[in-house]
Amino acid sequence: MKASLSSRLLRLSARIEEIDHLLAQEEVTRDLDTYRKLVREHAGLRPVVDLYRAYREGEHDLAAAQQMANEPGMREFAEEETRATRRRLEDLEIALQRELLPRDPNDERDIFLEIRAGAGGDESALFAGDLFRMYSRFAERNGWRVELVAESPSELGGFKEIIAKIAGQGAYSKLKFESGGHRVQRVPATEAQGRIHTSACTVAVLPEVDDVTDVILNPAELRIDTFRASGAGGQHINKTDSAVRITHLPTGIVVECQDDRSQHKNKAQAMSILAARIRDKQVREQAAKTAADRKSMIGSGDRSERIRTYNFPQGRVTDHRINITLHKIAQIMDGDIEELCAALMAEHQAEQLASLAEEQ
């Protein structure tokens, strides 16, 4: 183990012992805020410290096995124990490095999911509807709540654009790599000759901002328009100016919200989406400035970047960023995307580990 990693782990071990001592004091619960912070810090440190203690035990086992090799008749057994212990230590070191990787502060946030039809006309809109169903079913599998924010239905079905809020623990951490261009290859229902068409949609996954004040929104830079909502909603929604459109003049970002009958609620939701989009833009611009020489395997998340192809005739889904192909398109379109999400996260962590190794 490298000295820099060992030194950091020693500090964390000392810190958890300090927290144990503080939590054992009778007066610790007098300040509940401090008590809760200590408990959260302890819970965060526990996994990595347990791994480090297992690593130290492995080091002792390795020393004992090497010493055993000097005893009569024990050489072969000791060598096997040494090999097994070295393998265990290597696995533990990788696990420790993964635990110490910087956490994405947005991982536990709720998200805004935005899907827009692209090239392909009506077929693209139908595919946007299929993607929305896929993510909705995935949300159900995870016990998350899906709340429709805005939609622009297509005449033949599907959506020209649809925005939804997905609320639930770990929503962003699992779906953050879905941003980008999604391509579909299949025979449209309207195709009489049976020819395969290629269409595309763009997906954006934006972490919800805790408070709009986290992003500075100058009222002088906002143009707020109200208008009558279209689509479903009954007589009331079509007779009042309940829908809201907010334009952020400096960036040109436009947000519309018309899902609720209340203009006030639509405005609040639109402001929340606007803040998320502005924050997303700021993060991407900063990432572009500070990008490492080696580009991440999972891509930049740019909306124009083609990240995945859904080939229906061949029954396969290919993620081009990590070169993985799964031959279970029916299950994936029904929301079974856990394997894809896990593979993307594993690749991201491998990239982080490689960068960490270069820095040490």
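A brief structural summary.

How each quantity is defined
Residues numbered from 1 in each chain as written. Predicted model: local features only at pLDDT ≥ 70, side-chain atom pairs only at ≥ 80, totals over all residues. Heavy atoms only, no water. Pairing = 2+ DSSP bridges. Helix = DSSP H or I, 4+ residues; strand = E, 2+ residues; numbered from the N terminus. Axes fitted to C-alpha atoms, helices over the stretch in contact; angles between N-to-C directions. Core = buried A, V, L, I, M, F, W, Y, C linked by side-chain atoms within 4.5 Å. Buried < 20%, exposed > 50% of the residue type's maximum accessible area, 1.4 Å probe, protein only. Expected span 1.5 Å × (residues − 1). Bend = angle between axes of the 7 residues up to and from the residue. Contact = heavy atoms within 4.5 Å. Polar contact = N/O pair within 3.5 Å; in protein donor to acceptor, adjacent residues only side chain to side chain. Phe/Tyr/Trp six-rings, centres within 6.5 Å; stacked < 30°, edge-to-face > 60°. Lys NZ or Arg CZ within 6 Å of the ring centre and 35° of its normal. Parallel < 35°, antiparallel > 145°, perpendicular 65-115°, else oblique. Left-handed = near helix turned anticlockwise from the far one by under 90°. Nonpolar A, V, L, I, M, F, W, Y, C, P; charged D, E, K, R; others polar. Salt bridge = Lys/Arg side-chain N within 4 Å of Asp/Glu carboxyl O.

Further remarks concern the sheet that holds strand β7 (residues 243–248). Reading across from one edge, β6-β7-β8 is the order of the three strands in this open sheet, with antiparallel pairing throughout. If you trace the sheet from one side to the other, it starts and ends with β6 (222–227) and β8 (253–257), each paired once. Recorded for the sheet is a direction-independent mean angle of 15 degrees between the axes of neighbouring strands. Summarising the sheet, β6 and β7 pair through six bridges and their orientation is antiparallel. Each bridged residue has a counterpart across the sheet, and for Phe227 the counterpart in β7 is Ala243.

This part is about the nonpolar core. Core analysis: the largest hydrophobic core is formed by 36 residues, its most contacted members being Ile115, Leu131, Tyr135, Leu175 and Tyr310. Within the residue set of this core, elements represented by two or more residues are β1 (111–117), α4 (122–141), β3 (159–167), α5 (171–175), β5 (197–207), β11 (324–326), α8 (329–333) and α9 (338–359). Take this core: its biggest share by element is eight residues, from α4.

Over its 20 residues, α4 extends 29 Å from the first C-alpha to the last, a length consistent with the 28 Å expected when each residue adds 1.5 Å. Where α4 ends, the next residue or the one after it, Gly143, has phi of about 75 degrees, a positive value.

Right, let's get into helix α2 (residues 32–68). For α2, built from 37 residues, the straight-helix expectation of 54 Å at 1.5 Å per residue is met to within 8% by its first-to-last C-alpha distance of 52 Å. Arg46 marks where α2 bends most, by close to 35 degrees; the proline Pro47 follows one to four residues later. In this fold, the buried residues of α2 make contact with α1 (3–23) and α3 (75–99). At the N-terminal boundary of α2, the capping side chain belongs to Asp31, with an oxygen 3.3 Å from the backbone nitrogen of Asp33.

Moving on, we come to the packing of aromatic side chains. Going through the model one piece at a time under the given rule, you end up with three aromatic pairs. Pairing Phe127 with Tyr310 gives two aromatic rings, centres 5.3 Å apart and planes at 65 degrees, and the pair type is edge-to-face. Of the two residues, Phe127 is situated in helix α4 and Tyr310 in strand β9 (residues 306–311); the sequence distance between them amounts to 183 residues. When the ring centre of Phe312 is taken as origin, the NZ or CZ atom of Arg186, which lies over that ring, is 4.9 Å away. The aromatic ring of Phe227 is capped on one face by Arg245, whose charged end is 4.5 Å from the ring centroid.

Moving on: the sheet that holds β11. What holds strands together in a sheet is hydrogen bonding between their backbones, with the strands either parallel or antiparallel. Ordered by their spatial adjacency, eight strands build an open sheet running β2-β3-β1-β5-β4-β9-β10-β11, and the pairing between neighbours is mixed. Each edge of the open sheet is held by one strand with a lone partner, namely β2 (145–153) and β11. Sheet twist, expressed as the average angle between the axes of neighbouring strands with direction ignored, equals 20 degrees. Bridge count for β2 against β3 is eight bridges, and the pairing is antiparallel. Its bridge partner lying in β3, Arg145 is registered against Ala167. Sheet contacts for α4: β1, β2, β3, β4 (180–186), β5 and β9; angle to β4, the most-contacted strand, approximately 115 degrees.

Where α2 meets α3, the axes come as close as 9 Å, and the angle between the chain directions of the two elements is 160 degrees. It follows that α2 is roughly antiparallel to α3 by the angle criterion. When the axes of α2 and α3 are compared, the crossing they make is left-handed. Residues that form the contact of α2 with α3 fall into these classes: 15 nonpolar, four polar and seven charged.

With that settled, the discussion passes to the pattern of salt bridges. Tallied over the full model, the rule gives 27 salt bridges. Note that Glu41 is salt-bridged to Arg15, the shortest N-O span being 2.8 Å. Of this pair, Glu41 sits in helix α2 while Arg15 sits in helix α1, and the two are 26 residues apart along the sequence. Accessibility expressed as a relative area gives 23% for Arg15, which makes it partly exposed. Two residues, Arg116 and Glu161, come together in a salt bridge whose shortest N-O distance is 2.6 Å. Of this pair, Arg116 sits in strand β1 while Glu161 sits in strand β3, placing them 45 residues apart in sequence. Glu161 sits in the partly exposed class, given a relative accessible area of 28%.

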